[in-house]
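Coordinates in review
For reference, the chains in residue letters:
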Amino acid sequence: MITASTIGSQEKLKLAVDRITGLPTLPQVITEITRLMQNPRTSAEEVGKALIMDQALASKVLKLVNSAFYGFPGRINTITHAIVILGFNTVKNIILTASIFETLGGKGGGQKEFDIEKFWLHSIGTGVLAREISKKLNFKFFEECFLGGLLHDLGKIILYKFMPEEMDKVLQVQKEENCLFFLAEKKALDVTHDQIGGWLTSKWNLPEDLRNAVLYHHMPMLSGKYAMMVSIVHIADILCRALCIGSGGDSTIPVVDEKAWEKLKFSRQLIDKIYSDIDLELEKAAVFFQIM
Amino acid sequence: MKRISVNEITEGMVLAKPVVGSGGNILLGEGTELRTTLISRLRNWGVPFVVIQSQEGEITEEKITASLDTKRQEVERVFEQVKNHPLMAIIYEATKEHFGKAS
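Our subject in this report is the structure included herewith. Here the structure is a predicted model, which is why all the values come from computation and not from measurement. Just so you know, the residues in each chain are numbered from 1, in the order the chain's sequence is written. Written order determines the labels here, with chains lettered from A and ligands numbered from 1. Given that the model is predicted, a residue must reach a pLDDT of at least 70 before its local features are reported, and side-chain atom pairs must reach 80 or more before they are shown or counted; all residues, however, enter totals for whole chains, interfaces and linings. Side-chain numbers come from the whole structure's heavy atoms, not from hydrogens or water.

Observations concerning the overall build of chain A
Convention followed: To qualify as a helix, a DSSP run of H or I must reach at least 4 residues; to qualify as a strand, a run of E must reach at least 2; elements of each kind are numbered from the N terminus. Using C-alpha atoms as the atom set, the radius of gyration is obtained and then compared with a globule rule of 2.2 Å times the number of residues to the power 0.38. Classification of residues uses two cut-offs on accessible area relative to the type maximum, computed with a 1.4 Å probe and protein chains only: under 20% is buried, over 50% is exposed, and between them is partly exposed. Contacts are assigned to residue pairs that have any heavy atoms within 4.5 Å of one another.
Along its length, chain A carries 17 helices and zero strands. Taking 2.2 N^0.38 as the reference for a compact globule, 292 residues should give roughly 19 Å; the C-alpha atoms of chain A span a radius of gyration of 19 Å, in line with that estimate. In terms of principal-axis extent, the alpha carbons of chain A reach across some 50 × 45 × 40 Å. Looking at chain A as a whole, 59% of its 292 residues are labelled buried. Counting contacts in chain A only where the partners sit at least 6 residues apart, residues at least 24 apart contribute 69% of the total.

Focus on the packing of helix H13 (residues 208-216) of chain A against helix H14 (residues 227-242) of chain A
Residue and element names in this part refer to chain A. Going by this rule: Lines are fitted to the C-alpha atoms to define the axes, a helix being fitted only along its stretch in contact, and any angle between axes, read from their N-to-C directions, falls within 0 to 180 degrees. Oblique is the label for any angle not under 35 degrees, not over 145, and not in the 65 to 115 range, which are roughly parallel, roughly antiparallel and roughly perpendicular in turn. When the near helix sits turned anticlockwise from the far one by under a right angle, the crossing is termed left-handed; a clockwise turn instead gives a right-handed crossing. Any residue outside Ala, Val, Leu, Ile, Met, Phe, Trp, Tyr, Cys, Pro, Asp, Glu, Lys and Arg is labelled polar, Gly included; the first ten of those are nonpolar and the last four are charged.
Following both chains from N to C, one finds H13 and H14 inclined at 45°, their axes separated by 9 Å at the closest point. One way to sum up the angle between H13 and H14 is to call them oblique. Here H13 and H14 pass one another in a crossing that is right-handed. Taken together, the residues of H14 that come into contact with H13 (itself represented by Asp-209, Leu-210, Asn-212, Ala-213 and Tyr-216) are Met-229, Val-230 and Val-233. Per-class residue counts for the contact of H13 with H14 are six nonpolar, one polar and one charged.

Brief notes about the packing of aromatic side chains
Residue and element names in this part refer to chain A. For clarity, the threshold we go by: We call Phe, Tyr and Trp rings a pair once their centres come within 6.5 Å, taking the six-membered ring for Trp, and we label the pair stacked below 30 degrees between planes, edge-to-face above 60, and tilted otherwise. To sit over a ring, a charge needs its Lys NZ or Arg CZ within 6 Å of the ring centre and within 35 degrees of the ring normal.
Inspection of every chain in the model, using the stated rule, returns 14 aromatic pairs over all chains. Relative to Phe-181, the ring of Phe-114 lies with its centre 6.2 Å away and its plane at 50°, an arrangement referred to as tilted. Of this pair, Phe-114 sits in the loop between helix H6 (88-104) and helix H7 (116-136) while Phe-181 sits in helix H11 (residues 181-188), and the two are 67 residues apart along the sequence. The class of Phe-181 is buried, set by a relative accessible area of 0%. Each ring, one from Phe-119 and one from Trp-120, has its centre 5.4 Å from the other, and the planes form 75°; the classification is edge-to-face. With respect to class, Phe-119 is no different from Trp-120; both count as buried. Chaining the aromatic ring pairs together yields one cluster made of Phe-69, Tyr-70, Phe-72, Phe-101, Phe-114, Phe-119, Trp-120, Phe-146, Tyr-160, Phe-181 and Phe-288. For Arg-131, the ring lying beneath its charged end belongs to Tyr-70, and the centroid distance is 6.0 Å. One residue, Lys-135, lies across the ring of Phe-142, its end atom 5.1 Å from the ring centre.

Quick notes on the interface of chain A and chain B
Going by this rule: Throughout, buried area stands for the accessible area (probe radius 1.4 Å) lost by two parts on being put together, summed over both. For salt bridges, the criterion is a side-chain nitrogen of Lys or Arg within 4 Å of an Asp or Glu carboxyl oxygen. In the analysis that follows, any N or O atom pair within 3.5 Å is treated as a polar contact, provided that within protein one partner can donate a hydrogen and the other can accept it, and provided that, for residues neighboring in sequence, both atoms belong to side chains.
Between chain A and chain B, the contact holds 37 residues from the first and 30 residues from the second. When the two sides are added together, the surface that chain A and chain B hide from each other amounts to roughly 3,200 Å², 64% of it contributed by carbon and sulfur. Sorting the residues of chain A by area buried against chain B places Cys-244, Arg-268 and Glu-283 of chain A first, and these three jointly supply 18% of that buried surface. Put simply, chain A and chain B have two salt bridges between them. For the salt bridge of Glu-283 of chain A with Arg-3 of chain B, the shortest nitrogen-to-oxygen distance reads 2.6 Å. For the interface between chain A and chain B, the tally reads ten residue pairs in polar contact (both at pLDDT 80 or more). At the level of elements, H7, H14, helix H15 (258-263), helix H16 (268-284) and helix H17 (287-290) of chain A are the ones that each hand at least two residues to the side of chain A that touches chain B. At nine residues, H16 of chain A tops the list of elements feeding residues into the side of chain A that touches chain B. Among the residues making up the side of chain A that touches chain B, the classes are represented as 22 nonpolar, seven polar and eight charged.

If you want it as structure tokens, here you go:
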């Protein structure tokens, strides 16, 4: 049901994002690869050929494929080889991951008060935790969960890089009240990073599960059929804050959604299992800083 | 230092920790500079990853996993407002114990 208040917030979001100028697009080759991969008759060679049109991206993809984080034995030298060994879906997720870092990574530009290095640590940490949680739960979409965790705060990097005045206001409120970043946004802008990020995922035509992870990571039960993945990202964000890995712009922690906790059958034992492997997984994730 | 896959080694990297064989014997000592011959030897041995010294300015695992004392203080601060919530209390206890154990 559309209520007056949702129309209001949509309008505010539109007003806010309409002011953004110079917003980057994902590398053009992504559109081409997405199109190719939708066709079941596409061959590994065709995807490989499309990707090498973007040499910078292709080298990042190969670097990731050969990293300890993905942990495939033996050296993979070509994209075609990667697809044959790892399958279309895995390679597609790795290409998307590399293109996100290509488009939004790096330290350039942005509001000085916001610690971008800590932001990326928090994003990567949440991705790694989401991947661990899904592996422990035998949820097969663990690579999608990693991407969901990595991108859940997409809206914050848009604020940081392209809406400096708005970011300034949010940071000021956050500092004064020592509240969650989300609440500071609500107070300062009446538009929040999950809405801004959700808007960008639509604009970039990112997959629907990812859009839900970005838009509903604070309210996972609103994500309908994606509730499993979004609940995983929601709890990964909280565990990442608990472990003090980086920072998303505040130093506090939101209360876990009880329905999400129940859905994942979360427990102390499960947290202990996740924590026991997390340091090693985080070490391996250092590769993401090398491709920024 | 950082842990990398053998596939990520480039010539000239220096081992920050020794490479130890399955029998516990040291195959390559700490401080060894990895040249082409050694890199292929590592591959032949089937060593999955090595720990190398980091170059200046890199974000390394020390930065990712800050000191435990700092972490313990941060955990207290982060949970200050929420640790009375029954589910958050479970996460809080697990996290505290995790940093206690890791020392």
